[in-house]
Amino acid sequence: MPDSPSGAGAAGTFARFAEQARTCLPSGLDEITASDIAGIVALTARLMAIRSTASRPEELARCADVIAAWLADSGIPCTRMEHEGVPSLLAGNPAHAAPLALLVHFDVVDGADAMFTPRLDAAAGVLHGRGSIDDKYAVAMALVLCRRCLRDLSSRGLGPDALPLVLVITGDEETGGRNGAFRVLPHVRADFCVALDGGSPGSVIIKEKGVIDLVLTARGKSAHGARPWLGENAVDALVRDYEALKPLFPGLYPQLAGLTAPDAPSPSAASPQAQAHWHRTLNLGLLHAGTAVNQVPGEAVAHLDVRYTEHDDPHQLVADMRAAVQGQLDVTRMEPLFVTGDTPWLDRLLRHAPGAATGCAHGASDARFLTDLSMAGVVWGAEGETSQHTDREHLLIASLAPVYQALRALAREAGNE
């Protein structure tokens, strides 16, 4: 479904999404909230039709253009930034300083062509397609909420300078966020940031694991496959090293817990709030060895994905891993974990979101960049039934209501301080 660059054309093309969305909303919503959520669904569908993947930088730029045009049409100040070809937008309060910040992203992972044609099943109350839950609904929600705040301010004779919101809208979360949130967030001053990119209406994420990507290289001696005794198979060495790493992850391999080094952090220290499996983990995701079936490989390479918690020292963990293996272990990426920290804003958000509770997430998001900035925040959002990155990605439309209502109430509270 093609997107029209003009506001009027796009409004006509996607008006039916707004009409259908109204039939999916919970009963009892006031007209303003119902209208705003219907608008969120229509705008989400419009953005979903743009194939804004890392492999298509021109579409990333076009998506940023569409968002910037929407902001301009709504009278919302916007600053466009770009780093290494990745576009990002700072919108809302023109000083980029406010009590609240919303962190969202418009890039998506790739998928089949059909995934980029949004489809709304009104009977089931579901919006299907790439970006529906990750993360274009969040972009649309942030935009519509900011417009609603500006309209409320206008009725009191106030303008954008009084906006209690800063919107951080980035284009590379799916590829690590280093040219998006990492570059843009230092330009923002906020007391509390909500990363609309995970969780669910009932689960406000206050902790996400940190990430360490490593490459383990084991070397042997190549030989002809018909005479393996003349060589040393590097795969055997790699397997021995991989097995030697497992005792350092006792939560994942409890049967090996007794072999853990005495000074290794214990997963039993996890907080009472932690979910199951709130411990460091190890995954061998990629394995390369050899060039022919009749050759003894002289080198074998494994790419490892380690996730760690607040109870781990990542540098000490890497040191322990290196001490455990015979091969070469190189760190290719080390990302901080995300922890909300002590802030009164968490209680305020929970007060506006009845039934919601705090939780943890094993994955990582751009919220991790808040840690080094000492900016308090949470990860929260609508319900997609863990369909992100799958060919069944979808959004439960009714779940938009409690999130939008809570954020609007929180923005009102922030604006009255």
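Quick look at the structure, then.

So, how was this worked out
Residues numbered from 1 in each chain as written. Predicted model: local features only at pLDDT ≥ 70, side-chain atom pairs only at ≥ 80, totals over all residues. Heavy atoms only, no water. Core = buried A, V, L, I, M, F, W, Y, C linked by side-chain atoms within 4.5 Å. Buried < 20%, exposed > 50% of the residue type's maximum accessible area, 1.4 Å probe, protein only. Contact = heavy atoms within 4.5 Å. Pairing = 2+ DSSP bridges. Helix = DSSP H or I, 4+ residues; strand = E, 2+ residues; numbered from the N terminus. Axes fitted to C-alpha atoms, helices over the stretch in contact; angles between N-to-C directions. Arc of directions from axis to C-beta. Polar contact = N/O pair within 3.5 Å; in protein donor to acceptor, adjacent residues only side chain to side chain. Phe/Tyr/Trp six-rings, centres within 6.5 Å; stacked < 30°, edge-to-face > 60°. Lys NZ or Arg CZ within 6 Å of the ring centre and 35° of its normal.

Quick look at the nonpolar core now. Of all hydrophobic cores here, the largest spans 77 residues; its most connected members are Ile67, Leu196 and Leu400. Apart from the residues within four sequence positions on either side, leucine 400 is in contact with Ile37, Ile40, Val41, Tyr137, Met141, Ala382 and Leu395. Judged by nonpolar contacts, the second largest core, of 25 residues, contains Ala300, Tyr308, Met321 and Leu337.

What follows concerns the sheet that holds strand E11 (residues 281-289). What the four strands build is an open sheet, ordered E11-E13-E9-E14; its pairing is antiparallel. Pairing within the sheet leaves two strands with one partner each, and these edge strands are E11 and strand E14 (328-335). The mean angle between the axes of side-by-side strands here comes to 20°, regardless of whether they run parallel or antiparallel. Bridge count for strand E9 (residues 210-219) against E14 is seven bridges, and the pairing is antiparallel. Bridged to valine 215 within E14 is aspartate 330. The sheet contacts of helix H6 (residues 234-245) involve E9, E11 and strand E13 (299-308), and relative to E9 the element is tilted by about 145°. Strands in contact with helix H7 (residues 314-324) are E9, E11, E13 and E14; relative to E14, the strand with the most contacts, it is inclined by about 165°.

What follows covers H7. Those residues of H7 that fall on the buried side of the exposure criterion are Pro314, Leu317, Val318, Asp320 and Met321. Taken around the axis of H7, the buried residues stretch over an arc of 160°, which confines them to a single face. For H7, the exposed residues set more than 90 degrees away from the buried face come down to His315 and Ala323. Buried residues along H7 sit in contact with E9, H6, E11, E13 and E14. Capping the start of H7 is the job of one residue whose side-chain oxygen sits 3.0 Å from the backbone nitrogen of histidine 315: aspartate 313.

With that settled, the discussion passes to the packing of aromatic side chains. For the structure shown, the criterion picks out three aromatic pairs. Taking 5.8 Å as the distance between ring centres and 40° as the angle between the ring planes, the aromatic pair formed by phenylalanine 14 and phenylalanine 17 counts as tilted. Of this pair, phenylalanine 14 and phenylalanine 17 both sit in helix H1 (residues 7-22), three residues apart, roughly one helical turn. Each of the two residues, phenylalanine 14 as well as phenylalanine 17, counts as buried. The ring of phenylalanine 182 carries the charged tip of arginine 178 above its face, separated from the ring centre by 4.4 Å. Positioned above the aromatic ring of tryptophan 345, the side-chain terminus of arginine 348 is 4.3 Å from the ring centre.

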